[in-house]
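Residues per chain are reported as follows:
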Amino acid sequence: MKIAVLVSGSGTNLQTLIEQLHQDETSGIEIAVVISDRRKAYALTRAKRASIPTHVVKTQDFKNRVDFDTEISRLIEHYAVELVVLAGFMKLFQPPFVRKYQNRIINVHPALLPAFPGAHPVADTLAYGVKIAGVTVHFVDEGVDSGPIIAQAAVPVLDTDDAESLHNRIQVEEHKLYPEVIKWYAQGRLKVEGRKVIVQ
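Computed from a prediction, not measured in an experiment: that's the story for all the values here.

*Asks:* Quick one: what's the story with the side chain of arginine 46, residue by residue and with numbers?
*Replies:* Tracing the chain through its elements places arginine 46 in helix H2 (residues 42-49). Despite its burial, arginine 46 pairs with no opposite charge; the closest candidate is glutamate 19, at 6.6 Å N-O. Among the polar contacts made by the side chain of arginine 46, one reaches the side chain of glutamine 15 at a distance of 3.4 Å. Setting aside its immediate chain neighbours within four residues, arginine 46 contacts Ser10, Gly11, Thr12, Leu14, Gln15 and Ile18.

Okay, structure coming up:
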């Protein structure tokens, strides 16, 4: 199965997917393309080191967000991608794009959704004072971090935690869970019934 990985930052999750899926011939999963909205994203360097094609698609190069989405869709179709994987991609897609790829876009979020959606989930988690944080892998819908939840893993919040220490421990769980969920998708094991995702 061919996947596209969309990135905006350093690409730690991308590196995990390269090592655990792309470079593992038994996984049956190929990262066909890495797309970034930022030319200087270090994730692009990681992709190039693994000889994965890369493209930069910046919102400011298009007159509106629909045209931006259309260019990403063109690349997805060009590379015959079956699953779109968001790995720290900091742009929201417009409804037509989300509907076109319904249940074919997944995201990883460093909080136990539906708690703490949005751009600063780890800081929000600490500010609220909860005792359990975690990671969520979910399908993308038209809202912000609001799509059907596929899998979650819990991470205890320590009294000594700051945003960096907590985020580092959450990332350990992300790097276990995200490749596993992608494997489930490739194996046809995910069934979506309304908001419920059944892992068969």
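*Asks:* Outline the pairing of strand S9 (residues 196-199), supporting the account with residue identities and numerical values.
*Replies:* By the bridge criterion, 4 bridges tie strand S8 (residues 190-193) to S9 in an arrangement that is antiparallel. In the strand pairing of S9, leucine 190 is matched with valine 199. Between S8 and S9, which follow one another and run antiparallel, lie 2 residues, and glycine 194 among them has a positive phi close to 65°.

*Asks:* Explain the pattern of salt bridges residue by residue, including any values.
*Replies:* Under the counting rule described, the total for this entry stands at 6 salt bridges. A salt bridge links lysine 176 to glutamate 173, with the shortest nitrogen-to-oxygen separation between them at 3.5 Å. Linking lysine 176 with glutamate 173, this pair stays in helix H6 (residues 163-186), spanning 3 residues, or about one helical turn. Lysine 191 is the salt-bridge partner of glutamate 193, the closest N and O atoms lying 3.2 Å from each other. When its relative accessible area of 41% is taken as the criterion, glutamate 193 is described as partly exposed.

*Asks:* Describe the environment of leucine 177, listing the residues and the values that go with them.
*Replies:* Within the fold, leucine 177 resides in helix H6. Given the relative accessible area of 13%, leucine 177 is considered buried. Apart from residues lying up to four places away in sequence, leucine 177 is in contact with Val135, Val137, Ala151, Gln152 and Ala153.

*Asks:* Any details on helix H1 (residues 12-22)? Residues and values, ideally.
*Replies:* The complete set of buried residues in H1 reads Asn13, Leu14, Thr16, Leu17, Ile18 and Leu21. Looking at the buried side of H1, the elements it contacts are strand S1 (2-7), strand S2 (30-36), H2, strand S4 (83-87), strand S5 (105-109) and H6.

*Asks:* So what about the pairing of S1? Which residues, and what values?
*Replies:* Taking burial as the measure, the 6 residues of S1 include 5 buried ones, the bulk of the element. A crossover connection joins S1 to the parallel S2 through H1; in handedness this β-α-β unit is right-handed. In this structure, S1 lies alongside S4, joined through 5 bridges in parallel fashion. From the neighbouring strand, leucine 6 faces S4, where its bridge partner is leucine 86.

Cut-offs and rules
Residues numbered from 1 in each chain as written. Predicted model: local features only at pLDDT ≥ 70, side-chain atom pairs only at ≥ 80, totals over all residues. Heavy atoms only, no water. Helix = DSSP H or I, 4+ residues; strand = E, 2+ residues; numbered from the N terminus. Buried < 20%, exposed > 50% of the residue type's maximum accessible area, 1.4 Å probe, protein only. Lys, Arg positive; Asp, Glu negative; His and termini not counted. Salt bridge = Lys/Arg side-chain N within 4 Å of Asp/Glu carboxyl O. Polar contact = N/O pair within 3.5 Å; in protein donor to acceptor, adjacent residues only side chain to side chain. Contact = heavy atoms within 4.5 Å. Pairing = 2+ DSSP bridges. Right-handed = clockwise from strand over helix to strand, strands pointing away.

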